[in-house]
Structure formats: C-alpha cells, structure tokens
Amino acid sequence: MGKAATKGRDKNGAIPEGSPLASRSSHDGLNKPEAGPSIHTSLKHDYTSAPDEALVKWSQGGDTEAFEQLVFRHRDKIYARAMIMMRNEEEALDLSQEAWVKAWQRLHQFQGESSFATWMTRIVINLCLDQIRRQKKIRAESIEQLDEEAGGVERQMPVEHTNPTEGLEKDELRKRIDEAMGKLTESHRTVLVLHEFQGLEYKEIAKKVGISIGTVMSRLFYARRRMASLLRGLQRERTEE
Amino acid sequence: MTQTNMKLEQALEVQALLDGQLEAGRKAEVERLVQDDAGAAALVAELQSVSHALRTHESPLAVPDSREFYWSQIQRRIAAEEVVRDRSRSSGSILGWIRWLAPALGVAAVAAILAMRGGSPTTLADSSVMTFRSDADAITIHWLN
C-alpha cells in the first residue's frame, strides 16, 4: 500500500499518456461518486471563494474541480493527522491520499451533520487504525513497549507542582510535543490522539480501538504523564543552559 | 491541604473528572479529593496543562508534495479503483447470466442426449432426472437414470 503513492513519481503532476485520465480534463475525468455516469459540468463556479458546503454539493454531483479545491484546502490537516498517528512520512502521505479516494467514493454519505474537515479526519483516522491493526498482526510489540503498556515508571512517578509547559516558546513546545508523541507507543499515542485531537469520549475510543474503557483510561493517563515528563525534561535542559 | 499517595484508581477518577467522563455518583467525592489533597490538585493541573498544550500546539505539518502532484496521485487512484469496480461489475453481471442460464442449458442438454439415445422422441417425464442446484456456488448438477 505504501508504495502506491510514490510509484512513478512525476513531480510536475502530469498525467501520463495512456492513463484513463490522459485525454480528459481534471474537470470531468472521474465518474460521479457512487458509480454514476460521467458528469460534464458546464457551469463554472468560483471554487476558491466558495464555502466547503457548496464545494461538497458540487462534488456530490461529480464536479472534480470542486473536489480538488476541497483537497487543496484540507490536505495539510489530513496529512498532519495521519503523520501524528503513523510517525512515518511515506505512510502518512499514502493514507492521506487513500482518505481522499474514500471520501470521493463516499461523498453521497456525507449529509453535513459535522463539518467536512471533521468528516475527513474521521476517515483518515479510521484508515490509520486499520493500518496499525494490520501492522500489529505482522510484528509483535517489543518487551519495552509491553512494559510501557503496563504503565512504566511514569505511573508511579510523583506529581510535580510545576507546569510542564511553562516558559516554553510556542515553536519549541510544538517541536517538543512532536518529539514526545514519537516516544509514546502506538497504543498510547492512538488513545491520546483520539481523545485530544479527535475529541472522542472514552467509550467511543474503546469501541473504535477494541479495548475496554478501563484500558482507555489507563493508556490515556500514562500517555499524558509521559508527555508531562518529557516536557519537563526540556524545561530542565533550558534551566541548566 | 494534605497530600496523600493516590492509588491508580483514584488518579484515573481524577482524570475522568477532568475529562467530564466521571460517573455522576462519584463526582462529589472526587471533587472533594481534588479540593482537599495537594497531590490530586497537582495532578489535575499537570493533566490540564498537557491537554491544553496538545490541543493548541498541534504540529502544523504540510504535505511535502506540490498541489498538482498530490492531486494527480489522488486522481490516478480514483481512476484505478473505478476501473477495478467496473470490471468486477461487468464480470459480476456475466456470472449472473450464467447462473440463470445454467439450469436451462442443463435441461436442454439432457433433452438432447435423451433424444439421441432413444432414437425416438423422449420426454423428460419418461426418465428419472434429479437436479441439484446451488446458487452460492453457481453450479447445477443433473443425474440421469
């Protein structure tokens, strides 16, 4: 799966000769979502200033230019969400593209109950979870990771009365958070992302990941304490400098 | 304010209180713990600051490819999946026809064989024919006696 996105890379973005899309414009190259007939939209919309709702509606009618605009608007956020889950650029890129393909195919299911961006992040998160499950089947987690699963040392660590993020510059904090996220195990990171970024409740996370609510709570607790510990480490480094 | 060594269960309840996920029956007691115990209060502050930092400092990553290239990759994948879907649809419809035609062809074949063997008009009613048909496996079997 990871190779599909990078095969035959053409940095100019040109569609090669012989491709089903080669003889068509980007405007009418794809079938309407849910296998309808090809749509040849003759009306020109102002895509750049149109709200997401309008772009979704036009996309649902088979307008690929409107869909391209949606991709352009939200691609970074979708990619960033995949990246924070997978910690691997190639996989994140592949899964983010896969999410857009799925979105195109399922556009008819989007009824606007949430924002388009929220709907899209749900799709990419689900794809990431599927990928993580597949990978877990292939490789067992190391003993160190299993130790972390049980809570490691942070669980017994005394609570400090200092704010772990105090005095950190915005960019420094972002960098440190990113590093710290990379130091968590997949299982802890997943729960943390689903709760903090996706805003899911414990029971929703439990259902999505296939674990008990108690495990969600302990993984979340451990992940947050570990994050606090890593951020404090930076504070101390700064004080010593 | 005192400070006790909290048990893990208590710490998880403090966290649940912070997340608004604590069951109503436990809320008053855990709130009292946070109010009276310095350790519990410090834990709330720590969890809150981490949570706030995560929500407000998500890494602003950008797709490393150009807009055109990224979009062209998505177009290719959509087109490829549509080709696969169209193929499976057309092969599915052929299979559907075969599934319905198979019994009729089977009966016709039996009738033809019987006609050739007997040299005289023979109807299926004169013979003992047993038929087994499985839609799931798309097969029809005829036994002739």
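See above for the structure.
Positions within a chain are numbered from 1, following the residues in the order the chain's sequence is written. A letter from A marks each chain and a number from 1 marks each ligand, given out in the order of writing. Two thresholds apply to this predicted model, a pLDDT of at least 70 for residue-level local features and 80 or more for giving and counting side-chain atom pairs, whereas whole-chain, interface and lining totals are computed over all residues. In computing side-chain values, all of the structure's heavy atoms are included and hydrogens and water are not.

Trainee: Quick question: what am I supposed to make of the pairing of strand β1 (residues 129-134) of chain B here?
Mentor: Residues and elements named next belong to chain B. When DSSP finds two or more bridges between two strands, those strands count as paired. Put simply, DSSP H or I for four residues or longer makes a helix, DSSP E for two residues or longer makes a strand, and each gets a number counted from the N terminus. As paired elements, β1 and strand β2 (residues 139-144) share 6 bridges and run antiparallel to each other. Within β2, the position partnered with S134 by the bridge is I139. A loop of 4 residues connects β1 with β2, the two strands running antiparallel in sequence, and A138 in this loop sits at a positive phi of about 55 degrees.

Trainee: Any chance you could explain the interface of chain B and chain A here in plain terms?
Mentor: Put simply, an interface is often sized by how much accessible area is lost when its parts join up. Two residues qualify as a contact provided that any one of their heavy atoms is within 4.5 Å of a heavy atom in the partner residue. Counting residues at the interface gives 49 residues for chain B and 67 residues for chain A. Every case where a carboxyl oxygen of Asp or Glu lies within 4 Å of a side-chain nitrogen of Lys or Arg is listed as a salt bridge. The interface formed by chain B and chain A holds 8 salt bridges in total. Contacts described as polar in this section are N or O atom pairs within 3.5 Å, which, within protein, must combine one atom able to donate a hydrogen with one able to accept it, while residues neighboring in sequence count only if both atoms come from side chains. Put simply, chain B and chain A have 21 residue pairs in polar contact (both at pLDDT 80 or more) between them. Broken down by secondary-structure element, the contributors of at least two residues to the side of chain B that touches chain A are α1 (8-18), α3 (38-56) and α4 (67-118) of chain B. In this classification, the charged set is Asp, Glu, Lys and Arg, the nonpolar set is Ala, Val, Leu, Ile, Met, Phe, Trp, Tyr, Cys and Pro, and all remaining amino acids, among them Gly, are polar. Taken together, the residues of the side of chain B that touches chain A sort by class into 23 nonpolar, 12 polar and 14 charged.

Trainee: Explanation requested: the environment of K77 of chain A in the structure shown.
Mentor: As for its placement among the helices and strands, K77 of chain A is situated in helix α2 (residues 64-86). As for K77 of chain A and S96 of chain A, which are separated by 19 residues in sequence, their C-alpha atoms are 9.5 Å apart.

Trainee: So what exactly am I meant to see when it comes to unusual backbone geometry here?
Mentor: The general pattern is negative phi for most residues beyond glycine and trans for most peptide bonds. Within the chain, R87 of chain A stands out as a residue other than glycine whose phi angle is a positive 60 degrees. Taking the relative accessible area as the measure of exposure, R87 of chain A reaches 29% and is therefore partly exposed. Relative accessibility thresholds used throughout: buried, under 20% of the residue-type maximum; exposed, over 50%; partly exposed, between the two (1.4 Å probe, protein chains only).

Trainee: Whenever I open this one, the nonpolar core confuses me. Can you help?
Mentor: Note that soluble globular proteins tend to have their nonpolar side chains buried in a common cluster. Residues and elements named next belong to chain A. Put simply, buried Ala, Val, Leu, Ile, Met, Phe, Trp, Tyr and Cys residues joined by side-chain atoms within 4.5 Å make one nonpolar core. Membership of the largest hydrophobic core comes to 82 residues, with the highest contact counts inside it found for F67, M85, W100, F116, M120, M181 and M227. Here this core gets 11 residues from one element, more than from any other, and that element is α2. Apart from residues lying up to four places away in sequence, M120 is in contact with I78, A99, W100 and A103.

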